[in-house]
Amino acid sequence: MSGPPVSAAYAESRADDCLRLLRALVECESPTGYEAGNLRVARLLEEAMAEAGGRVERIPAAGLGVHLVARFGGAGGGRGPVLLMGHMDTVHPVGTLERLPFAVAGGRVRGPGVYDMKSGLAVSLFALRLLAERGSGPRCDLTCFVTCDEEKGSPDSRERIEAAGRRHRAALVVEPCAPGGAVKSRRKGVGAYVLKVGGVAAHAGIEPEEGASATHELARQICRIHDLADPDAGTTVSVGVIRGGTKGNVVADHAMCTVDVRFFSNTEANRVDAALRNAAPFDERCVLHLEGGLNRGALERTEASRRLFEKARALAAELGFELGEESTGGASDGNLVAAVGCPTLDGLGPDGGGAHTLREHILQDEVPRRIALMAALFRAL
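Remember, predicted model here, so these are calculated numbers, not experimental data.

Thoughts on the overall build of the protein chain
- Along the backbone of the protein chain there are 11 helices and 18 strands.
- With the C-alpha coordinates aligned to their principal axes, the bounding extent of the protein chain is approximately 85 × 45 × 35 Å.
- Buried residues in the protein chain amount to 50% of all 381 residues.
- For the protein chain, the proportion of contacts with a sequence separation of at least 24, taken over those separated by at least 6, is 80%.
- In the protein chain, 45 side chains carry a positive charge and 49 a negative one; their mean positions are 5 Å apart.

In structure tokens:
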């Protein structure tokens with residue numbers, strides 16, 4: 001096929017239509033757990049998916065809304081299916097729209113959830129719609145999976161996401177790109193733990209020797225935990241919350257802390273996890289209890305994902321812009337599909353900034369650019 005399936009100029013001529021879809025999505029506030037709002041967004045997405053030629057399945061998620069799975073038939077050729085991923089929920093509480101109304105001004109598009117990640121959904125579905133209007137479609141079978149619980153760690157959708165990753169030969173994730181427009185070819189994985197220490201209470205003035213201080217033990221454990229970090233490997237270990245004891249004149253019989261672990265390699269994840277689980281108390285009278293574990297594996301850059309990026313970069317060059325790649329410490333559902341072996345390209349959504357804040361925005365000229373890029377990817381993969 002000569003030339004891009006949707007030219008930059010044609011995408012530009014239809015950008016206002018895409019912005020109307022984006023406005024409708026943004027003005028339906030949908031924080032995770034606000035079922036009514038997420039159901040309204042889901043209905044808008046269903047309509048957009050159907051207009052683009054998709055067959056839509058609703059998957060109920062109790063107390064959250066619904067997940068959507070839309071299937072688009074490909075032109076054939078014996079290639080395996082591709083997965084397109086995103087989420088409809090946001091972090092912004094209901095009422096944020098009054099403080100951050102949808103607006104297009106000064107080259108920016110503002111609104112709660114516009115950057116993370118309703119614009120990614122809008123441009124990818126609009127790209128599919130433009131292909132359908134031209135009597136085309138994706139090159140191979142395409143599954144679009146949009147969830148309603150990502151911002152809370154995907155508790156309801158996780159198993160379905162992992163299963164989808166195993167069934168597809170590649171995944172495109174339309175989360176926001178890195179600042180400047182680069183895709184995210186590596187994401188850190190996440191581990192979340194709670195370390196609890198049980199000690200022995202005693203009067204701190206009369207017989208402190210009869211006690212075993214849980215807070216003293218925890219302090220020594222925290223130093224050990226801190227030493228598990230490896231900055232050269234990109235592994236960070238952070239103790240965020242500390243609590244313990246009952247009164248100032250009592251040797252503490254309990255204490256706890258939270259531990260956040262971030263890593264670029266799953267080998268590093270396993271090293272830190274094993275060290276936390278195998279830790280022994282400095283004071284043998286104290287008891288350690290570890291809760292939690294590895295929540296999301298790392299999205300590692302593999303040879304297969306490198307080839308996926310190189311294809312996207314070449315297509316972007318044909319459209320007249322440069323597509324870079326970067327790493328990020330944040331996680332997404334892209335981590336989940338990558339961890340089960342699906343080559344994954346994340347951060348394909350429009351450039352912007354201010355995620356999760358009242359400064360949230362995308363750059364207006366990114367809308368046609370990303371429409372054209374997504375259409376090219378759908379036709380090329």
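Points about the packing of helix α5 (residues 114-133) against helix α11 (residues 366-380)
- At a minimum axis separation of 8 Å, α5 and α11 run at an interaxial angle of 60 degrees. Judged on the interaxial angle alone, α11 and α5 are oblique. For the element pair α5 and α11, the recorded crossing hand is right-handed. Counted together, Val-123, Ser-124, Phe-126, Ala-127, Leu-128, Leu-130 and Leu-131 of α5 and Val-367, Arg-370, Ile-371, Met-374, Ala-375, Phe-378 and Arg-379 of α11 form the full contact between these two elements.
- When grouped by side-chain class, the residues that make up the contact of α5 with α11 number 11 nonpolar, 1 polar and 2 charged.

As for the packing of aromatic side chains
- Within the structure shown, the criterion is met by 0 aromatic pairs.
- Here the guanidinium or amino end of Arg-134 rests over the ring plane of Tyr-10, the centre of that ring lying 4.2 Å away.
- The side chain of Arg-369 reaches across the aromatic face of Phe-321, ending 4.8 Å from its centre.

So, the pattern of salt bridges
- Counted according to the given criterion, the structure contains 22 salt bridges.
- Residues Glu-366 and Arg-370 are paired through a salt bridge, measuring 2.9 Å at the closest nitrogen-oxygen approach. Of this pair, Glu-366 and Arg-370 both sit in helix α11, 4 residues apart, roughly one helical turn.
- The class for Glu-366 is buried, based on a relative accessible area of 3%.
- Relative accessible area serves as the criterion here: at 1%, Arg-370 is assigned to the buried category.

Focus on helix α9 (residues 303-318)
- Taking 1.5 Å of rise per residue, the 16 residues of α9 would be expected to cover 22 Å, and the 23 Å separating its terminal C-alpha atoms lies within 8% of that figure.
- Here the buried face of α9 lies against β7 (170-173), β8 (183-187), β15 (325-328), β16 (344-345) and α11.
- A positive backbone phi angle near 95 degrees is found at Gly-320, which sits one or two residues after α9.

Here we look at the environment of Ala-170
- Mapped onto the elements, Ala-170 comes out in strand β7.
- When its relative accessible area of 5% is taken as the criterion, Ala-170 is described as buried.
- When the C-alpha atoms of Ala-170 and Gly-53 are compared, they prove to be 21 Å apart, with 117 residues separating the residues in sequence.
- Leaving out residues up to four positions away in the same chain, Ala-170 has contacts with Pro-81, Val-82, Leu-83, Leu-308, Cys-342 and Pro-343.

So, helix α6 (residues 158-167)
- Of the residues making up α6, those classed as buried are Ile-161, Glu-162, Ala-164 and Gly-165. Here the buried residues of α6 occupy an arc of 160 degrees about the axis, which is enough to place them on one side. Residues Glu-159, Arg-166 and Arg-167 are exposed on α6 and point more than 90 degrees away from its buried face.
- Taken together, the buried residues of α6 touch β3 (82-87), β6 (142-147) and α10 (333-339).

Section: the sheet that holds β6
- The strand order across the open sheet formed by 6 strands is β1-β2-β6-β3-β7-β16, and the pairing between neighbours is mixed. With one partner strand each, in any of the chains shown, β1 (55-61) and β16 form the two edges of the open sheet.
- Across the sheet, α6 lies against β1, β3 and β6, angled at about 165 degrees from β6, the strand it touches most.
- Across the face of the sheet, α11 comes into contact with β3, β6 and β7 while running at roughly 170 degrees to β7.

A short note on unusual backbone geometry
- Cis geometry is found at the peptide bond from Asp-116 to Met-117, where omega equals 0 degrees.
- Tracing the backbone through its elements, the reader meets Met-117 in helix α5.
- Notably, Ser-154 is not glycine yet its phi reads approximately 60 degrees, a positive angle.
- Inspection of the secondary structure puts Ser-154 in the loop between β6 and α6.
- Notably, His-356 is not glycine yet its phi reads approximately 70 degrees, a positive angle.
- Turning to its location among the elements, His-356 is positioned in the loop between β17 (352-353) and β18 (361-363).

Quick word on the sheet that holds strand β4 (residues 103-105)
- Strands sit in the order β4-β5-β18-β17 across an open sheet of 4 strands; the sheet is antiparallel. Strands with a single pairing partner mark the edges of an open sheet, and in this sheet they are β4 and β17.
- The pairing of β17 with β18 spans 2 bridges and is classified as antiparallel. Among the inter-strand pairings, Gly-352 is bridged to a residue of β18, identified as Ile-362.

Reading guide: rules and limits
- Residues numbered from 1 in each chain as written.
- Predicted model: local features only at pLDDT ≥ 70, side-chain atom pairs only at ≥ 80, totals over all residues.
- Heavy atoms only, no water.
- Helix = DSSP H or I, 4+ residues; strand = E, 2+ residues; numbered from the N terminus.
- Buried < 20%, exposed > 50% of the residue type's maximum accessible area, 1.4 Å probe, protein only.
- Contact = heavy atoms within 4.5 Å.
- Lys, Arg positive; Asp, Glu negative; His and termini not counted.
- Charge placed at Lys NZ, Arg CZ, Asp CG, Glu CD.
- Axes fitted to C-alpha atoms, helices over the stretch in contact; angles between N-to-C directions.
- Parallel < 35°, antiparallel > 145°, perpendicular 65-115°, else oblique.
- Left-handed = near helix turned anticlockwise from the far one by under 90°.
- Nonpolar A, V, L, I, M, F, W, Y, C, P; charged D, E, K, R; others polar.
- Phe/Tyr/Trp six-rings, centres within 6.5 Å; stacked < 30°, edge-to-face > 60°.
- Lys NZ or Arg CZ within 6 Å of the ring centre and 35° of its normal.
- Salt bridge = Lys/Arg side-chain N within 4 Å of Asp/Glu carboxyl O.
- Expected span 1.5 Å × (residues − 1).
- Arc of directions from axis to C-beta.
- Pairing = 2+ DSSP bridges.

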